[in-house]
Every structure is written in C-alpha cells, then in structure tokens.
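Listed below, chain by chain, are the residues.
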Amino acid sequence: MRFLAQLGTMLVVALLVGFGLSYYALSDGRMFGAIQIGPWQAWKDVGVPNPDPYTRAFIARSGALELGATEGIQFIASTDSDNKKLDRNCRYRIDGRTPAARFWTLVPVSSDDGMPIARPDGQLDFHSARLSRAGDGSAALYVSKTLAPENWIEIAGDGPFSLVLSLYDTSSLSGVGSEVASLPAIIREACA
C-alpha cells in the first residue's frame, strides 16, 4: 500500500514537471529554439520547411501567420532592458540600431490579444522609411501616452503591452551571428 502511495506521488510530480516544462517551452522557449537578445525574443526556425517540434508547437499555439525564413524575422519584447514588464502608463525610448534589413517595422501591441494599441486616429507603427534620424543614422523612438520628442507613437489603454519588431529581407540573422547583438535597447524613462 505504501508503495502505491509513493508511486502515485511520483506520478503527480512527473506530470507537473512535464506540463510545466511544456508550458515554459511554448511561452518562453529560450532553451528550446527561441533566441533572446536583451529584451527581444524570436523563434529563429519559424518559416523554415522543417522547424523543430518546439517551434511547430509555438506556431500552433500562437495561431499567427509568421514570416517565411527568406522573408524576415520577427522579434517580440514584453519587458524593457531592465527586465520590467512594459506598462502603458510609462514612457519608453527604443534606442539603438537594428540589424541590416531592407525594411523594418515596430508596432506596440496588446499583450492579451496582439492587437495594435496606438491611438485609433494616430500613427500605428514606426517603419524604417519614415523616421527622423540623427547625423550618424541612429534614431530614438518613443512609445507612451504622453508627448515625446521626434519619433513618437501615442498609445491608449491600460495594462501590459509588447513591442513587435519585424525585420524584412534580412540576411544578417541567417546564422545568428554577431550582428544580432545590435538590437535596440528599451529604456523606461518615466511612469505616470
């Protein structure tokens, strides 16, 4: 009888660990096919003909139409560079360079449903062809409810959000090389 009780306990522990690791692999996934660069995360095998099982599970779970491997790659950040959740009541500066890409976009979206959270009658996204840049080619982008200088998207609502950075027609990530480290920082400047 005691043996059956121990066996039952071990079975429950095994199931909890198994389900916990499965949830982690599909939601965070850094150990299972996703790459993490600062606050940015991407599944590098999305869009390849035969992705690994964890990437396939991520695609099925997210239900999103992903870019093909030759079309580009999409990075998502739900935290700032200090690992604090992105909050719509704070002002963020996205500062730095993106890897070489023919075109890129940056969109603030709801963490719940992935819908854009920009003010309905305002600018919905940043893109590489429509930015005010410094003399060295760099650009500071701002996402907040309050007015910010230069490149700014006014967001609406309350709660957490994510930033989606899509790099189109880029070859710099084909081998996950040194250029990947050049993703921009997300800096929390102030909160209301």
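Residues numbered from 1 in each chain as written. Predicted model: local features only at pLDDT ≥ 70, side-chain atom pairs only at ≥ 80, totals over all residues. Heavy atoms only, no water.

With that settled, consider the environment of R188. Within the element layout of this structure, R188 appears in strand β10 (residues 185-191). For R188, a relative accessible area of 29% puts it in the partly exposed group. Considered as a pair, R188 and T79 are 109 residues apart in the sequence and their alpha carbons are 9.8 Å apart. What R188 contacts, discounting residues up to four positions off in sequence, is D80, K84, K85, D87, C90, R91 and Y92. Among the polar contacts listed, one links the side chain of R188 to the backbone oxygen of K85, at a separation of 2.8 Å. Of the polar contacts made by the side chain of R188, one reaches the side chain of Y92; its length is 3.2 Å. (Helix = DSSP H or I, 4+ residues; strand = E, 2+ residues; numbered from the N terminus. Buried < 20%, exposed > 50% of the residue type's maximum accessible area, 1.4 Å probe, protein only. Contact = heavy atoms within 4.5 Å. Polar contact = N/O pair within 3.5 Å; in protein donor to acceptor, adjacent residues only side chain to side chain.)

The next subject is the pattern of salt bridges. Summed over all chains, the structure comprises eight salt bridges. With its nearest N and O atoms 3.0 Å apart, the salt bridge here joins R91 to E189. Placement of the pair is R91 in strand β4 (residues 90-96) and E189 in strand β10, with a sequence separation of 98 residues. Classification of E189 as partly exposed rests on a relative accessible area of 30%. A single network of salt bridges, built from pairs that share partners, joins R91, R93, D95 and E189. (Salt bridge = Lys/Arg side-chain N within 4 Å of Asp/Glu carboxyl O.)

Quick look at the packing of aromatic side chains now. Following the criterion strictly, the structure yields two aromatic pairs and no others. Between Y92 and F161 the ring centres are 5.8 Å apart and the planes differ by 70°, which places this aromatic pair in the edge-to-face class. On the criterion of sequence distance, the pair formed by Y92 in strand β4 and F161 in strand β9 (residues 161-168) is long-range, its members being 69 residues apart. When its relative accessible area of 0% is taken as the criterion, Y92 is described as buried. For F161, a relative accessible area of 1% gives the class buried. (Phe/Tyr/Trp six-rings, centres within 6.5 Å; stacked < 30°, edge-to-face > 60°.)

This part is about the nonpolar core. Core analysis: the largest hydrophobic core is formed by 28 residues, its most contacted members being W40, F75, L106 and L163. Going through the elements one at a time, β1 (34-37), β2 (40-43), β3 (72-77), β4, β5 (103-110), β7 (139-144) and β9 are the ones with two or more residues in this core. Ranked by residues supplied to this core, first place goes to β9 with four residues. Non-local contacts of L106, meaning those with residues more than four positions away in its chain, are made with W40, I94, D125, F126, L141, I153, L163, V164 and L165. (Core = buried A, V, L, I, M, F, W, Y, C linked by side-chain atoms within 4.5 Å.)

By themselves, these observations are geometric and do not establish any function.
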